[in-house]
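The chain contents come next:
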Amino acid sequence: MAQISLATGFLLILIGFYGALTQRNLMRMIVGFTIADSGVNLVIVAIGYMHGRTAPIIDSTLPAGEAPARIIDPVPQALVLTAIVIGVGVTALMLAYAYKLYQAKRTLDISTFTELKW
Amino acid sequence: MVSALLLIALPLAAAFLLGLISNRHIAYALTLAAMAAGAAVSGWWVWQLGWAGAVPVDILTAGTAPPFAINLRMGLAESVLALTITLTGLLAAIYLKDTLLAIGQRAMAVVMIAVMAYCGIVLTRDLFNLFVFFELAAIATAGLILLSDDALALGAGFKYLVVSQIISALLLVGIIFAYHGTGNLNIDGMAAVTMGRVGGSLAIAFFLIFIAIVAELKPFPANGWALDIYESAHPAFSALFSAAAGTATLYAADKLLAIGGPAFLPMTTGIGVLTFLAGNILALPQHNDRRLLGYSSIAQIGLVLAIVGQRDILGSAYWFVAFGILVSHAIAKAGLYFLSGMVVERGLTAWAALRARPPLIFAFATFIALLTGLPPFPSFYAKWELAHALAANGRLTLLAVILFGALVEAAYLFRWFGYAIKRAVPEQKLACAPAKGLPTLVVLIAGWALAWLWGRFSGQTNLLMGLPLLFALAFLVTDRLPAWVNNTLAIAGLVAWFALTWQAYDPLRMIFAVIMLLGGAVVLLASYHVHGKRPGFYPSAMLMYAGMAQLLLAGNSFDFFAAWEVLTVGSYFLILRGKDSEPHALSYIVFSLGGAFLILAGFALAANGAPVMPLGGLARVPAAVAPWVFVLLAIGFMTKTAAIGLHIWLPGAHAEAETDVSPMVSGILLKAGLYGLVVVLLTMGRQRLGGIDLTHVLLWIAALTALLGNLMAIFQEDSKRLLAYSSIGQMGYAQFGLAMMNHLGWLMALMFVINHYVYKSMLFLAVGGVAKRTGTREMYRMGGLITLMPLSFISVLIGIIAMSGVPPLSGFGGRWIFYNALLTSDYRLPMILVFFSGPIAFLYLFRLIHTIFLGQLKDEHRRVKEAPFWLMVPQMIYVVILIAVAVVPGMALRRVDEYMTRLLPANGLTWDGFRITSDYGYWDPMAIMIIVAVIFATLFLWLLFLNRKAQWVKQFNIAYSAERPFRPETTHFAWNFFAPYRKALGFLVQPLATAFWDTVTGSLHAGADFARKLYTGNGQTYALQFLGFVLAAYLLSLGV
Amino acid sequence: MVRRFAALLLILALGAVFLPLFLAYHPDTSLNPTALYYAERTAQDLGAANIVTAIVVTYRGLDTLGEVTVLFLSAAIVGLVLARDRLTPRPHTRVPAGELLTTGSRLLAPLIMLLGVYIFSNGHLTPGGGFQGGAVIASGVLLLLLADPERRFGHRIIGFIESLSGVAYVLIGLAGLYYAGGFLDNRILPTGQVGQLFSAGAIPLIYSLIGLKVGSEFSSILADLSETEEL
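Residues numbered from 1 in each chain as written. Chains lettered and ligands numbered in written order. Predicted model: local features only at pLDDT ≥ 70, side-chain atom pairs only at ≥ 80, totals over all residues. Heavy atoms only, no water.

1. Focus on the overall build of chain A
Here's step 1: A tally of helices and strands in chain A yields four helices and zero strands.
Here's step 2: If you list the helices and strands of chain A from N to C, you get α-α-α-α.
Here's step 3: For chain A, whose C-alpha radius of gyration is 20 Å, the value lies well above the compact-globule estimate of 13 Å for 118 residues.
Here's step 4: Oriented by its inertia axes, the alpha-carbon framework of chain A measures out at about 65 × 25 × 25 Å.
Here's step 5: Here chain A holds 118 residues, and the buried ones make up 55% of them.
Here's step 6: Looking at chain A alone, contacts between residues at least 24 apart form 55% of all its contacts between residues at least 6 apart.
Here's step 7: Considering chain A, the positive charge centre built from 8 side chains and the negative charge centre built from 6 side chains are found 16 Å apart. (Helix = DSSP H or I, 4+ residues; strand = E, 2+ residues; numbered from the N terminus. Rg over C-alpha atoms; globule rule 2.2 N^0.38 Å. Buried < 20%, exposed > 50% of the residue type's maximum accessible area, 1.4 Å probe, protein only. Contact = heavy atoms within 4.5 Å. Lys, Arg positive; Asp, Glu negative; His and termini not counted. Charge placed at Lys NZ, Arg CZ, Asp CG, Glu CD.)

2. So, the interface of chain B and chain C
Here's step 1: Residue-level contacts link 56 residues of chain B with 56 residues of chain C.
Here's step 2: Of all residues in chain B, B:Phe16, B:Phe68 and B:Arg106 give up the largest surface area on contact with chain C, accounting jointly for 15% of the area buried on that side.
Here's step 3: Remark: the boundary between chain B and chain C carries one salt bridge.
Here's step 4: Where B:Asp126 meets C:Arg60, a salt bridge forms, and the shortest distance between an N and an O atom there is 2.5 Å. (Buried area = accessible area lost by both parts, 1.4 Å probe. Salt bridge = Lys/Arg side-chain N within 4 Å of Asp/Glu carboxyl O.)

3. Let's talk about the interface of chain C and chain A
Here's step 1: In this complex, chain C contributes 48 residues to the contact, which on the side of chain A involves 44 residues.
Here's step 2: Both faces combined, the contact of chain C with chain A buries some 4100 Å², and carbon together with sulfur accounts for 76% of it.
Here's step 3: Of all residues in chain C, the largest losses of buried area upon contact with chain A belong to C:Ile11, C:Phe22 and C:Tyr25, amounting jointly to 15% of the total for that side.
Here's step 4: Along the contact surface separating chain C from chain A lie zero salt bridges.
Here's step 5: Applying the counting rule to chain C against chain A returns eight residue pairs in polar contact (both at pLDDT 80 or more). (Polar contact = N/O pair within 3.5 Å; in protein donor to acceptor, adjacent residues only side chain to side chain.)

Next up, the structure:
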């Protein structure tokens, strides 16, 4: 089960990067990176999975004493929370940049932003 | 106990608070207060850990111990880094005052959080926490890029975000797999599990983490995006980015290596050194000052990364070396970016505007010295330790590559400095403001303070405590006073120093001391001829003399090398003052620093593991290494004496220097190179390399130098160039005497040292005086000046008689000793070459006096006066000295001869009253003087008698055979004086050496031009290059 | 063409780097030491029922502080970048939205906000927390923005909430330093009984503040981005 999620995650990363590296439109690059970010988050969550175990929340069905034997690894879940939020932050930033670049040059083609080089 | 957590909490609280404050000025004040508080906390910790003996502290969070909660660590390294970061942040915030007040509270919050993020990277011990702080820093960077008004910054920011997305993806994948493999997110916890060795999939995970962090350091070739940032962002942000971000990331890389272990060190060194080399070479063709600084930043960070990769061999010196270069770089880059904010235009030549404020030029020079690793700055001590550690562990290729990169860096930095000093001041004035001046000043003071501190903590002498150097620096203060005041102080200082130290010199060193110190004082007398102020002259000159003074007193390799570099730098500044000397000064400093680096390599190799070596230790170098040490040191010293092949800098440098500078550099400075050869030959004696006797090679080089130098001199039209080439030839002569390795050869060389100083200084002063009065240096434009400038004529006459070796003056004695020496040695062919160089020397000496003083007076010169009084004074002193030494040579030589007998006992001289006897004959100077005087008097009287019947012919009684020459010089006898010789021997003086060195620099530039096309400006291409870099590193480290 | 080929090659090579990681992966059969510690000690030490929340807010609280700062920075920079182009309010020229949309959004928006508040205030008991709650709140704001593009939100009030909650968060963290075990220790307030609303010390308080902050920051980003549209 975890292997499928892991494989999907990696595939999404590769697809996302491929899109970001070959599409010239800024918006498509940002979408590519969003896909790659989702892939990374999927990989992180997939790592924490343990077969046959349940969510790490103590309630009536899971008393505190049984927790160590029945919960999956809670750490990747905590990490992925942070990773998702950071991804959102960077995406918002990239969108704002794309807007300003479009305003400045009336095009979204990344190959035209080459005034600085060499 | 101030908690280090405040470094994180305070800026954050302040940043959040800013949203509640509506008044921008209050907000700005709060920002500055928060950043100052951060700097104070870091400073407090540096004090506690460095001086008050506190121990490193782990700061826990959430009341839980690591690895179950995040912890921070505050040790000495962390505190120093935090101080660097917070101070840079504070200075940048001050510099950004106008921009921040214009944009508002949000920009101030971003600045504070950027600084906080860098501190967090340094302090944290948790891997995921490191990732969070990195992302914070990346976002803050993307925001701060926009602080500049430049529309180009938008593109740079987007390219940066593209690459940082890939970096963070790789980092996250690596972190999560590392967590899975070790069950831990704490760096120390992980290190405990892996125990310095990773294998299998854990190695891949660690590789991903490590390469992502390294990518933030902008390695070559994955750094196109960084250059765009440096070029387009606000200079204060570039300063922060270069100094603080690089610093924090380097420390993160260092922390991570604890997990991966020593297997990753080679990759680190490889990436670092490649970046250093490529960054510096690609900087060569740059014209935009900020982009140039960007390349330089990338290169320096690469160097520190390479040092991180060498931590296994550096041992306890690791922090000293790494921090030495890191803080030097941080200070220098911050300072240079701050300066670039004051210059309005972006071309390198626009920095000539700095001349409006001399303190800024001083700051510029300081920052360049910090980057190049010149004494007394921390990078110098660090470079010394690094070279020794590398040599001791046999990593000689690495050392060679690093020194080469450093030389390239010095080349473009000094070329830039030359532009600032010599190019036309642009129309746009400097954009100075107190908000810009204050940070620059603070950074400048910090640089010098750290120089003192590093000197204190090194195991060597603290260079900033040396009296000569301090004396030279004091002239920066007195620079505003009139020149004659400074001159008197300088002369007094030189004489006083000699009086203080004369007992410390053995007879051999005494000769050099007399020439450098007392001789320098005499030459300085000529400087009285300049009226008014001479800004920058006295600090430079005294720096050179300070270097020479300390060179003579140096007892170990470190002091020697430090003094060597000081005198090189001082003389560079001095030579740069000449009117047309910009390219020549650059050529001089590049050759000199190249030679200095070779000397460094030689000393490092000879030290055999120790950090320093007494000079006498050169005699005890292991036999396997000794020939190489000899070669390195000899070539290094020969760049200073301008041996053939390494001579192309000298004619321009000496000819274009100012009138009173030429005698200093030609008469005195060249002797430093000879002194170096003396030290090497005395201690190492004869060495064989591959079956060849190296002193024999030296002999050949010397012979060729003597012959070709003199030959090139005879074809010169410019009188000062003629004298400069003559110096090359004469140095070859002296080197020949040293290389003969017998008693008389050395005696001749040392006698020569004194003689050459006297008559070269004399000739340069005389020629300089003539050039001053006639307005030209070209000999075919002069003529007939004997009547108008009789004293100059006399001094030149005495000079050339002495120099050519004609009796009765001291040159003859030198010749006599020389021929004796030849007869006692085994070398025939080189001897013949040197023998020939004698008459050839006479040719150009004759040309000198004949074309300038004899012949017909030109119309435009009918009213010239004698040379200025103060130029004549030293010349007359020299005349007296020459005559005295001619009659009583024992004055100087006797002591030296006795000293030489101790070292090379065979074939000495016997001194008996006025008579000197050798194995082959005798020499009685008094008798010679009398005989020659009698002969001369007789001939002179007879000439006068005959002259009564001579017929006076008017000057213009010349027939042109009905043709009017439109290039009048072609009919002047002085032009192309030795044309027949040029036809016969001209093939020997083809500019082969110049062509060779031109090819070297030309191919470097061409290579750089080609390679820099890598940075196409397209952000996607940069992302592809980055990915390619990651995969290449992976493939290369698969063997790991 | 060359670019596509090169990109494909590099991506495949990257995949080849990932492949060993993928192949060597086996899910754990028992919790590793770190996870084990959290599983055993969360309930009794911190009093929180949701272990992930306990990790996010307390054990790795510094990460969360950083994450909140990331959002703050993003919002600030987006505001900086776009604020200079805030268009002057144009006269209402659009055809107003239909009855269904207007009433529907007015009905749903408060419910969505309530759900968000529920999520972040119960973060220590049920799945979810400050970030999730804040995102839900922002989605309510998004609904309002999409339903009525000409509506303008008060940036001042959003900024005020943002700053105040941020400062309060840091102050709570510092309070943990001085009154409990360390920075961001939640035991400055009594941990109470696991499973109750008022338990787990300062976690509900922190998560509420985070929820408000995240909600306001997301809303501010969305508002900035929408205001750039030329109507």
